[in-house]
Amino acid sequence: MLTSSWLTRYPLAVIVLAQLFGTSLWFSVNGVGLALQEAVGLSEGDLGLLTIAVQAGFITGTLLIAITGLADRMRASHLFALSAVLGALINAAFIGVADSITLAAVARFATGLCLAGIYPLGMKLVVSWTPSHAGAALGWLVGMLTLGIASPHLLRGLTLHLPWQWPLLLASLLALVAAYMIFRLGVGPHLPTKASIGRPWAGLNAFKQRQFRKAALGYFGHCWELYAFWALVPFLVTRELERLNGAASLQPWLSFAVIALGLPGCVWAGRWSRKAGSAHVAFVALLTSGVLCLFYPLLGSFSPWLLLTLLGLWGVSVIADSAQFSALASAHAPPERLGAALALMNAVGFGLTIPSIALVTALWSSQGVAVIWWLLPGPVLGLIAMHGLNRHTPRT
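Let me begin by describing the structure that accompanies this report. (Residues numbered from 1 in each chain as written. Predicted model: local features only at pLDDT ≥ 70, side-chain atom pairs only at ≥ 80, totals over all residues. Heavy atoms only, no water.)

**A word on the overall build of the protein**
Inference 1: When its secondary structure is counted, the protein shows 19 helices and 0 strands.
Inference 2: Within the protein, the proportion of its 396 residues that are buried is 59%.
Inference 3: Across the protein, every contact between residues at least 6 apart in sequence was considered, and the portion connecting residues at least 24 apart equals 85%.
Inference 4: About 14800 Å² of surface is accessible on the protein, with carbon and sulfur atoms providing 69% of the total. (Helix = DSSP H or I, 4+ residues; strand = E, 2+ residues; numbered from the N terminus. Buried < 20%, exposed > 50% of the residue type's maximum accessible area, 1.4 Å probe, protein only. Contact = heavy atoms within 4.5 Å. Areas by Shrake-Rupley, 256 points an atom, 1.4 Å probe, with all protein chains shown as cover.)

Here it is in structure tokens:
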């Protein structure tokens, strides 16, 4: 059991582990997607709908906490813990409604609402404890988000011979542990624990800052590609396994590996940002994933081993820029409205994931790997928007 002394002695470690455990709820259903197709007859389009429902819930939740100022008026650790507990309960309740696509989508939407109190608040908690090294610290945080996104595939691999409900229940258990960890930790000393009640949409003030706008626009391009790529990973891995005549049981393990490679990518990017600057690191990572997005479909008939290797490289680069965009945005947002500004930026960014996920999941059966080209506008427009962004992240 985690001791109180450990929880308060290593705040960054506590936050990133809690982020890992809490965000295991995000793709919990995707981890058992193939089993759900067999057990309750869901189609690829249905799985896409459930993924979109989570994203829509997250967007709605981030907008709510941004509009109401809840992210800055309520103690961040309390909001995180409450969200994690509710998310764990709703994720477990999905098991009882999985055979009804309508109720299943409602449950996933509600899970997304709860995630809005986990991910943006995790960023605020990191800044409240380690403001002078936000790029490196947020690299760990987003790395753990990536591992959390990948964890349902790992949980499915570990429980492959058990009913599909087990990975969902384990994800809920992890979220409860995350709630306890953050509730015990509390908020760091470098930000006010509460903000005075202000105007709705106070987070929009951050967009008056030119550098914040550039960071946010780069982040929006990154979001268009990121979650749609993660949604495609099981399909892309399955395609290569079939070409290799490999065992289907390898699919969750390889899917986990591709997505989880984003963790070392985020950590490497965070360390590099302390020398090269967050803007430069974000540009290189976004450019790398954009190049892969362009050329991967052209190489679709090449060796499956080459395609799997490129998927691994893509898994590293596709998320490496995320923390650096958040660090840049945090540096240029008004400190007293940091929570609202980050929540609003997340809401817009995740709003862009809905059409991209809908496109690739709906068109996969007809277009195959060529569907990846629908993701290319994100990196291209993001790179254009970043022109003139400060090379070095200012210290708070």
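**A few points about the nonpolar core**
Inference 1: Counting residues in hydrophobic clusters, the biggest one holds 106 residues, and the most contacted among them are Trp26, Tyr227 and Trp230.
Inference 2: Sorting elements by how many residues they give to this core places helix α11 (residues 210–244) first, with 17 residues.
Inference 3: Beyond its immediate sequence surroundings of up to four residues, tryptophan 26 is in contact with Val54, Gln55, Phe58, Arg108, Leu115, Tyr119, Leu145, Ile149, Tyr227 and Phe350.
Inference 4: With 16 residues, the next largest nonpolar core counts Leu42, Leu50, Ala53 and Ala107 among its residues. (Core = buried A, V, L, I, M, F, W, Y, C linked by side-chain atoms within 4.5 Å.)

**Notes on the packing of aromatic side chains**
Inference 1: Scanning the entire structure with this criterion turns up 14 aromatic pairs.
Inference 2: Centre to centre, the rings of tyrosine 119 and phenylalanine 350 are 6.3 Å apart; their planes meet at 75°, and the pair counts as edge-to-face. Of the two residues, tyrosine 119 sits in helix α8 (residues 119–129) while phenylalanine 350 sits in helix α17 (residues 338–351), which places them 231 residues apart along the sequence.
Inference 3: Overall, the relative accessible area of 1% leaves phenylalanine 350 in the buried class.
Inference 4: Judged by centre distance (5.0 Å) and plane angle (75°), the rings of tyrosine 227 and tryptophan 230 are edge-to-face. With tyrosine 227 and tryptophan 230 both in helix α11 and 3 residues apart, the pair spans about one turn of that helix. Each member of the pair tyrosine 227 and tryptophan 230 is classed as buried.
Inference 5: Among the aromatic residues, those joined into a cluster by ring pairs are Trp26, Phe58, Tyr119, Tyr227, Trp230 and Phe350. (Phe/Tyr/Trp six-rings, centres within 6.5 Å; stacked < 30°, edge-to-face > 60°.)

**Quick notes on helix α12 (residues 251–260)**
Inference 1: Among the 10 residues of α12, 7 are classified as buried, and the element is accordingly described as predominantly covered.
Inference 2: Considered for burial, the residues of α12 that qualify are Gln251, Pro252, Ser255, Phe256, Val258, Ile259 and Ala260.

**Quick notes on the environment of isoleucine 319**
Inference 1: Structurally, isoleucine 319 can be placed in helix α15 (residues 304–320).
Inference 2: Spatially, the C-alpha atom of isoleucine 319 lies 7.6 Å from that of threonine 146, the residues being 173 residues apart in sequence.

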